[in-house]
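# Overview (structure and organization)
If you want the building blocks of each chain, they are given just below.
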Amino acid sequence: MDNDIDDDSVPALVDETTTVSIKVPVTILTGYLGAGKTTLLNYILTENHQKRIAVILNEFAQGSAMEHLLLTATKDDSNGNGREQYQDWLELRNGCLCCSVKDVGVQAIEQLLEKRRNHFDYILLETTGVADPLPIVKMFWLDEELHSDLILDGLITVIDAHNGLKNYEDDRHQAKALWLRQAAMADVILVNKIDLISEEEKIKILSIVRSINVTAQIYETTRARIDLNLILDRRAYSNNSSTDYLLKKIDNQSTISVPHGYQTLNSITIELDGEFDFDELDQLIIQILWNEQNTTQEIVRMKGVLCLRNETTYRILQAVGQMYEFICTNENHYDNLRNCFVVIGSNLNQDILIEQFRKCIK
């Protein structure tokens, strides 16, 4: 019969009419205590910005000015570890959502979002002031094969311009190591409270920040007021991220003079012409990120725009800690075989790194 199913036919396993789920971008907000993260969040939660943003507050400190906005509870879970995954939300007048979560795992956040998925299209995750952003970035930087509903959009770091210099210059202060690392990891840096410092101090703090991270977009803010379009939808970890900004940004970089011994983290730029052998470059990245050469060098972040042999389009290199990825792009280099790297870390030897990269060019 014509209606009989052909035993040799391939069964339809997926309904082709099913709508593909759109991933929700996640922007991570970090910054040392008192930098102005709470002020920025208050602004986002109260302004009529026509955006549907869910703000997730991780381990939010007591005594915050925003504490009255949160639905909080304290209760031992079944394992008796004194914390639970919150599934309560507070819906605000401007369409934002606000919640607090003790477990910052991707699975916990996905569970939080399950019932409210249609209420927002963006997530802003605030960390504690004393958090190292590296493990949080790594947690959200997921391979698409894991089929997560979340995608990492970028990391915003808020720096206190008023107290930043004081913390930076005090080697005994724990804030120095923390905000250096927070600045090094950032895709966007807000130098906040800029109205509270002199012009000389402003030049100094901006120079330090740029010397730590030359690829981040740096904005001066007062009371953390900024156009949200400048800090959201960065697509820093996707194949939609632009190669042009990095190529042009390196061109415009001026040398920043920092006295010897004054800085523990800095960034260097490397420019080379030619085509890289992918396998050799891949092995080199593994060696230097995992420090297989047993040096004192530590790399916390690396970005690059690369030309590979037998490929006509650019590749973007993104590395965070010991994780890295070569991202394909649709941008043709038209035989302009210029490669740009930015390496952020401590005890970096630019001459050795240049020579190592040059050996991978064929």
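Please refer to the structure higher up on the page.
Everything numeric in this text was worked out from a predicted model, so none of it was measured.

## What about helix H8 (residues 278-289)?
Counting along an α-helix, one turn takes 3.6 residues, and residues three or four places apart therefore face a common direction. The first and last C-alpha atoms of H8 sit 16 Å apart over 12 residues, in line with the 16 Å expected at 1.5 Å per residue. For H8, the set of buried residues is Leu281, Asp282, Leu284, Ile285, Ile288 and Leu289. For H8, the angular spread of the buried residues around the axis is 165°, confining them to a single face.

## Quick notes on the side chain of Asp153
Assignment of secondary structure puts Asp153 in strand E6 (residues 150-160). A polar side-chain atom of Asp153 sits 2.7 Å from the main-chain amide nitrogen of Arg234.

## So, the packing of aromatic side chains
Taken as a whole and assessed by the stated rule, the structure comprises four aromatic pairs. With a centroid separation of 5.7 Å and 90° between ring planes, the pair formed by Phe276 and Phe341 is classed as edge-to-face. Taken together, the positions of Phe276 in the loop between strand E9 (266-273) and H8 and Phe341 in strand E13 (residues 338-346) put the pair 65 residues apart, joining distant regions of the chain. Given the relative accessible area of 0%, Phe276 is considered buried. Considering the side-chain rings of Phe341 and Phe357, the 4.1 Å spacing of their centres and the 20° angle between planes classify their relative orientation as stacked. One end of the pair, Phe341, is in strand E13; the other, Phe357, is in helix H9 (residues 350-358), and 16 residues separate them in sequence. Each member of the pair Phe341 and Phe357 is classed as buried. Every member of this aromatic cluster is reached through a ring pair, and the members are Phe276, Phe341 and Phe357.

## Side note on the pairing of strand E7 (residues 188-192)
Of all five residues in E7, five are buried; the element is thus mostly enclosed. Burial along E7 is two-sided: the face carrying Val188, Leu190 and Asn192 and the face carrying Ile189 and Val191 are both buried. As paired strands, E6 and E7 are joined by five bridges and run parallel to one another. Bridging from a neighbouring strand, Ile159 pairs with Val191 of E7. Examined bridge by bridge, E7 and strand E8 (residues 217-220) share four bridges and lie parallel to one another. Bridge pairing in E8 places Val191 opposite Glu220. With helix H6 (residues 199-212) bridging E7 and its parallel neighbour E8, the resulting β-α-β unit is right-handed.

Conventions used here
Residues numbered from 1 in each chain as written. Predicted model: local features only at pLDDT ≥ 70, side-chain atom pairs only at ≥ 80, totals over all residues. Heavy atoms only, no water. Helix = DSSP H or I, 4+ residues; strand = E, 2+ residues; numbered from the N terminus. Expected span 1.5 Å × (residues − 1). Buried < 20%, exposed > 50% of the residue type's maximum accessible area, 1.4 Å probe, protein only. Arc of directions from axis to C-beta. Polar contact = N/O pair within 3.5 Å; in protein donor to acceptor, adjacent residues only side chain to side chain. Phe/Tyr/Trp six-rings, centres within 6.5 Å; stacked < 30°, edge-to-face > 60°. Pairing = 2+ DSSP bridges. Right-handed = clockwise from strand over helix to strand, strands pointing away.

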